[in-house]
Amino acid sequence: MPDAKPGDVKVLDYDGDGAITPEDRHVFGSEDPKVTAGLMNTFHYKGITLSIFMYGSAGAIRFTEYNNPYFEKWNIRDRTWWTPENPINTYPANRSDTNPYGVSVFGKGNNASFIRIADISLGYSFPGKLLKPVGIQRLDIFGNIKNPFLFTGYVGLDPEYK
């Protein structure tokens with residue numbers, strides 16, 4: 001990159017021929033997970049029923065707005081940009097000509113592996129002997145919580161969103 005200025009997006013000469021060409025494009029992972037699994041378990045104790053459903057995936061690599069070098073977009077999060085006083089490699093300089101090769105994503109792939117607790121349901125069935133005097137044959141109450149927990153190292157809104 002002989003024309004590069006300090007703070008520009010750095011492009012890897014992947015094939016080592018000394019020039020940045022289309023042959024330097026390389027796939028660093030897949031957006032599709034290698035493994036997807038789920039587990040549901042229901043526990044009963046006397047009249048109480050607890051049901052938990054969880055699922056997850058592993059092996060997907062995704063790039064998000066947090067990895068995007070297009071700087072003229074709306075709602076860009078607060079970033080620590082490269083400056084002469086702060087010569088870092090996390091993000092390039094915040095200027096419109098910093099991406100001369102039009103790289104659409106940069107940095108490490110964003111590991112989109114996760115485990116999500118998708119549903120927790122709790123119910124109670126009242127005993128018949130309590131209901132019989134008031135003329136009710138059966139009474140069940142329940143409540144549930146959808147998507148209360150997500151465990152991931154993913155940087156972004158949701159690792160399932162493409």
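Everything below is about the structure shown above.
For the structure given in this document, a descriptive report is provided here. Computed from a predicted model, the values in this text were never measured in an experiment.

### Regarding the overall build of the chain
- Each helix and strand counted, the chain has 1 helix and 6 strands in total.
- Starting at the N terminus and walking to the C terminus, you meet the elements of the chain as β-β-β-β-β-α-β.
- Each of the 162 residues in the chain was classed as buried or not, and the buried ones make up 22%.
- In the chain, of all internal contacts separated by at least 6 residues, the share reaching a separation of at least 24 is 64%.
- For the chain, the accessible surface area stands at approximately 11800 Å², while carbon and sulfur atoms represent 59% of it.

### Describing the pairing of strand 2 (residues 48–58)
- Summarising the sheet, strand 1 (residues 35–45) and strand 2 pair through 11 bridges and their orientation is antiparallel. Residue pairing in the sheet places valine 35 in a bridge with alanine 58 of strand 2.
- Between strand 1 and strand 2, which follow one another and run antiparallel, lie 2 residues, and lysine 46 among them has a positive phi close to 50 degrees.
- Where strand 2 meets strand 5 (residues 114–125), 10 bridges bridge the pair, whose relative direction is antiparallel. Its bridge partner being in strand 5, tyrosine 55 is matched across the sheet by arginine 116.

Parameters and conventions
Residues numbered from 1 in each chain as written. Predicted model: local features only at pLDDT ≥ 70, side-chain atom pairs only at ≥ 80, totals over all residues. Heavy atoms only, no water. Helix = DSSP H or I, 4+ residues; strand = E, 2+ residues; numbered from the N terminus. Buried < 20%, exposed > 50% of the residue type's maximum accessible area, 1.4 Å probe, protein only. Contact = heavy atoms within 4.5 Å. Areas by Shrake-Rupley, 256 points an atom, 1.4 Å probe, with all protein chains shown as cover. Pairing = 2+ DSSP bridges.

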